[in-house]
Amino acid sequence: MAFRDTETFSSEHGTVIGGSFRNEVDTASGRMLVTSDAQRHRQLRRRMHRVFSARMIERVSETVRERVAVVLDRMWADGGGDFATDVARELPAGGLMAQLNIGHADALHLLRLTQTMIGYRDEDHSLGIAHEGLRLATAQADIFDFFLDLIAERRAEPGDDAVSILLQPEPGERELDEDTLRST
């Protein structure tokens, strides 16, 4: 089985063919759940399981329902709307709000940055930047900066959000470094 043969079928080399932007290798190698093998993968997976507790799933469900209800009420009052632009974005936005304990504006900001990072060649996601490579690098840097700020906030004032949960090591585990935290 391929997942047991990490010598031949390793995830440690990353998921980006040809490396990350302007690098020979994927800079996330060994730092993310999807780019780790064996023991490191199990450690990160255990931490992620704590994030996706029944309590968190219920909180995400409740927040998404609330966000969708707000938008549907507005669409009803306005006499209609566009499901794809008005309602669909509230599903991931509500998930981000609940999991990260952030506001709606921050969730939409992260979604825009993610869309730009994934679709950096699409003019609709340009961030007002003409050069595609700069567009991609800017979106990635902005996402990393967002999470570095969030990590610092949660270190100072932990809560029951995903970042706070990931910051708390299990007995016998070491704390995740900032590179791993922002990549996870």
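This write-up is about the structure you can find in this document. (Residues numbered from 1 in each chain as written. Predicted model: local features only at pLDDT ≥ 70, side-chain atom pairs only at ≥ 80, totals over all residues. Heavy atoms only, no water.)

**Comments concerning the side chain of Glu90**
So, step 1. Topologically, Glu90 is positioned in helix α4 (residues 90-100).
So, step 2. For Glu90, the side chain forms a polar contact with the side chain of Arg67, separated by 3.0 Å.
So, step 3. Those residues in contact with Glu90 that lie beyond four places of it in its chain are Val64, Arg67, Val68, Val71 and His104. (Helix = DSSP H or I, 4+ residues; strand = E, 2+ residues; numbered from the N terminus. Polar contact = N/O pair within 3.5 Å; in protein donor to acceptor, adjacent residues only side chain to side chain. Contact = heavy atoms within 4.5 Å.)

**Some thoughts on the pattern of salt bridges**
So, step 1. Within this structure, the stated rule accounts for 7 salt bridges.
So, step 2. Ionic pairing is found between Glu90 and Arg67, a salt bridge with its closest N-O pair at 3.0 Å. Separated by 23 residues along the polypeptide, Glu90 in helix α4 and Arg67 in helix α2 (residues 54-78) bring together distant segments of the chain. Arg67 matches Glu90 in its accessibility class, with the two residues each being buried. (Salt bridge = Lys/Arg side-chain N within 4 Å of Asp/Glu carboxyl O. Buried < 20%, exposed > 50% of the residue type's maximum accessible area, 1.4 Å probe, protein only.)

**Observations concerning the nonpolar core**
So, step 1. Counting 29 residues, the largest nonpolar core has Leu100, Ile102, Leu110, Phe146, Phe147, Leu150 and Val163 as the members making the most contacts within it.
So, step 2. Those elements giving two or more residues to this core turn out to be α1 (38-51), α2, α4, α5 (104-118), α6 (132-156) and α7 (162-167).
So, step 3. In terms of residue count, the dominant contributor to this core is α2 (6 residues).
So, step 4. Dropping the residues within four chain positions of it, Leu150 is found in contact with Leu100, Ile102 and Val163. (Core = buried A, V, L, I, M, F, W, Y, C linked by side-chain atoms within 4.5 Å.)

**Overview of α2**
At 3.6 residues per turn, the α-helix brings residues three or four places apart onto the same side.
So, step 1. Over its 25 residues, α2 runs 36 Å from end to end, which matches the ideal 36 Å to within 8%, given 1.5 Å per residue.
So, step 2. Regarding α2, the residues found buried are Met56, Val60, Thr63, Val64, Arg67, Val68, Val71 and Met75.
So, step 3. Where α2 ends, the next residue or the one after it, Gly79, has phi of about 85°, a positive value. (Expected span 1.5 Å × (residues − 1).)

**Concerning the environment of Ala88**
So, step 1. Looking at where Ala88 falls in the secondary structure, it is placed in the loop between α3 (83-87) and α4.
So, step 2. The exposure class assigned to Ala88 is partly exposed, which follows from its relative accessible area of 27%.
So, step 3. Separated by 17 residues in the primary sequence, Ala88 and Val71 have C-alpha atoms spaced 9.9 Å apart.

**Comments concerning the packing of α5 against α6**
The description of two helices packed together rests on the angle between their axes and the distance between the axes.
So, step 1. Axis separation between α5 and α6 bottoms out at 8 Å; the angle between their running directions is 145°. For the crossing formed where α5 meets α6, the hand is left-handed. Packed against α5, whose contacting residues are Asp106, Leu110, Leu113, Thr114, Thr116 and Met117, the element α6 presents Arg135, Leu136, Ala139, Gln140, Asp142, Ile143, Phe146 and Phe147 at the interface.
So, step 2. Taken together, the residues of the contact of α5 with α6 break down into 8 nonpolar, 3 polar and 3 charged. (Axes fitted to C-alpha atoms, helices over the stretch in contact; angles between N-to-C directions. Left-handed = near helix turned anticlockwise from the far one by under 90°. Nonpolar A, V, L, I, M, F, W, Y, C, P; charged D, E, K, R; others polar.)

**Quick look at α6**
So, step 1. A rise of 1.5 Å per residue sets the reference length of α6, with its 25 residues, at 36 Å; its end C-alpha atoms lie 36 Å apart and thus fit the reference within 8%.
So, step 2. When we look at burial in α6, the residues that qualify are Gly133, Arg135, Leu136, Ala139, Ile143, Phe146, Phe147, Leu150, Ile151 and Arg154.

**Thoughts on unusual backbone geometry**
So, step 1. One non-glycine residue, Asn101, adopts positive backbone phi at about 55°.
So, step 2. Counting through the fold element by element, Asn101 comes out in the loop between α4 and α5.
So, step 3. The exposure class assigned to Asn101 is exposed, which follows from its relative accessible area of 53%.

Nothing here speaks to function; it is all geometry.
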